[in-house]
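# Analysis of the macromolecular model
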Amino acid sequence: MNVFKNFLLLVAVSVLTLTVSFSSNASSEVVPANDNKAINDIYHKLSNSFTILDISVIDDIYMNDATYISETQDKEIVLGKNPIIDLYATFFNKIKLKNAKIEVDFRLQVRQYTDGQATDIGYYLMRFHPGEESGEPMSEFAGKFVMVSRKNTQGEWKISVDSNTRSIPKFYYNATPIANLYYGKQYSQKPAQ
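Scoring rules and cut-offs
Residues numbered from 1 in each chain as written. Predicted model: local features only at pLDDT ≥ 70, side-chain atom pairs only at ≥ 80, totals over all residues. Heavy atoms only, no water. pLDDT = per-residue confidence, 0-100. Contact = heavy atoms within 4.5 Å. Pairing = 2+ DSSP bridges. Helix = DSSP H or I, 4+ residues; strand = E, 2+ residues; numbered from the N terminus. Axes fitted to C-alpha atoms, helices over the stretch in contact; angles between N-to-C directions. Buried < 20%, exposed > 50% of the residue type's maximum accessible area, 1.4 Å probe, protein only. Parallel < 35°, antiparallel > 145°, perpendicular 65-115°, else oblique. Nonpolar A, V, L, I, M, F, W, Y, C, P; charged D, E, K, R; others polar. Phe/Tyr/Trp six-rings, centres within 6.5 Å; stacked < 30°, edge-to-face > 60°.

For the protein chain, per-residue confidence averages 85 on the pLDDT scale, and residues scoring 70 or more make up 81% of the total. A low-confidence stretch, residues 1-29 stays under pLDDT 50, and its non-local contacts, those more than four residues away or across chains, total 10 contacts.

What follows is the structure, encoded as structure tokens:
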């Protein structure tokens, strides 16, 4: 019986140690403040580029050797900044041709950091506003993402890997703020139905 109690105590201590270890990896407490700000600024810039449909912002935030993995099953992995810019340009042009607007925002839930590289995991929410002449209502869709950023040779944080998948908007709305991580406030509540 005493051996069993010792075993249970050992398991409990191990679980607690793993939990504390995972929690420290998932937080941003070990990230230097200037790096945290620079990485969070990427999300501000990305959100802004969608609002104003400005491809130059996209050009500024991706590494030359970046990789993009789309949520769509019929798309290949996109390698290199120029093909990624081409994807965004095509998308932005479709929005402009429809006289529509698009908004996106992000809520980070995890940042794993090593010197010179950060992996962010979170949710995004997009709202599509059709042109007034269409008579169609605003629509929204959401997803989960993993984004890896790293410092370039000039010490600037840029996106290295961008991957996303669709999910229900509820996950974005229910995501809670995590200290020092970007938490979009653009969409504080669901739109009226």
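The rest of the description comes next.
What follows deals with the sheet that holds strand E2 (residues 78-79). The strand order E2-E1-E6-E5-E4-E3 describes an open sheet built from 6 strands, whose pairing is mixed. Each of the sheet's edge strands pairs with one partner strand only, and the pair in question is E2 and strand E3 (101-114). Here E3 pairs with strand E4 (residues 117-129) via 13 bridges, running antiparallel. Bridge pairing in E4 links Lys101 to His129. Sheet strands in contact with helix H2 (residues 33-52) are E3, E4, strand E5 (139-151) and strand E6 (157-167), and its direction is about 160° off that of E3. Across the sheet, helix H4 (residues 81-97) is in contact with strand E1 (62-69), E2, E3, E4 and E6; its angle to E1 comes to roughly 65°.

The next thing to look at is unusual backbone geometry. The general pattern is negative phi for most residues beyond glycine and trans for most peptide bonds. Positive phi values are uncommon outside glycine, yet Leu53 reaches one of about 50°. Tracing the backbone shows Leu53 in the loop between H2 and helix H3 (55-61). The buried category is assigned to Leu53, whose relative accessible area is 11%. The phi dihedral of Asn180 is positive, around 70°, even though this residue is not glycine. Relative to the helices and strands, Asn180 resides in the segment after helix H5 (169-174). Asn180 sits in the partly exposed class, given a relative accessible area of 47%.

With that out of the way, let us pick up the packing of H2 against H4. Geometry of a packed helix pair, given as the angle between the helix axes and the separation of the axes. Packing of H2 against H4 brings their axes to within 10 Å, and their N-to-C directions diverge by 40°. On the basis of their axis angle, the class for H2 and H4 is oblique. Contacts between H2 and H4 involve Leu46, Ser49 and Phe50 from the former and Tyr88, Phe91 and Phe92 from the latter. Counted by class, the contact of H2 with H4 contains 5 nonpolar, 1 polar and no charged residues.

Enumeration according to the criterion identifies 13 aromatic pairs in this entry. The interplanar angle of 80° and the centroid separation of 5.3 Å between the aromatic rings of Phe50 and Phe92 together place this pair among those described as edge-to-face. You can see Phe50 sitting in helix H2 and its partner Phe92 sitting in helix H4, a full 42 residues away along the chain. With relative accessibility at 5%, the residue Phe50 sits in the buried group. With a centroid separation of 6.3 Å and 40° between ring planes, the pair formed by Tyr113 and Trp157 is classed as tilted. In this pair, Tyr113 sits in strand E3 while Trp157 sits in strand E6, placing the two residues 44 residues apart along the sequence. By relative accessible area, Tyr113 is classed as buried at 18%. Its relative accessible area of 7% is what places Trp157 among the buried residues. Linked through ring pairs, Phe50, Tyr62, Tyr88, Phe91 and Phe92 together constitute an aromatic cluster.

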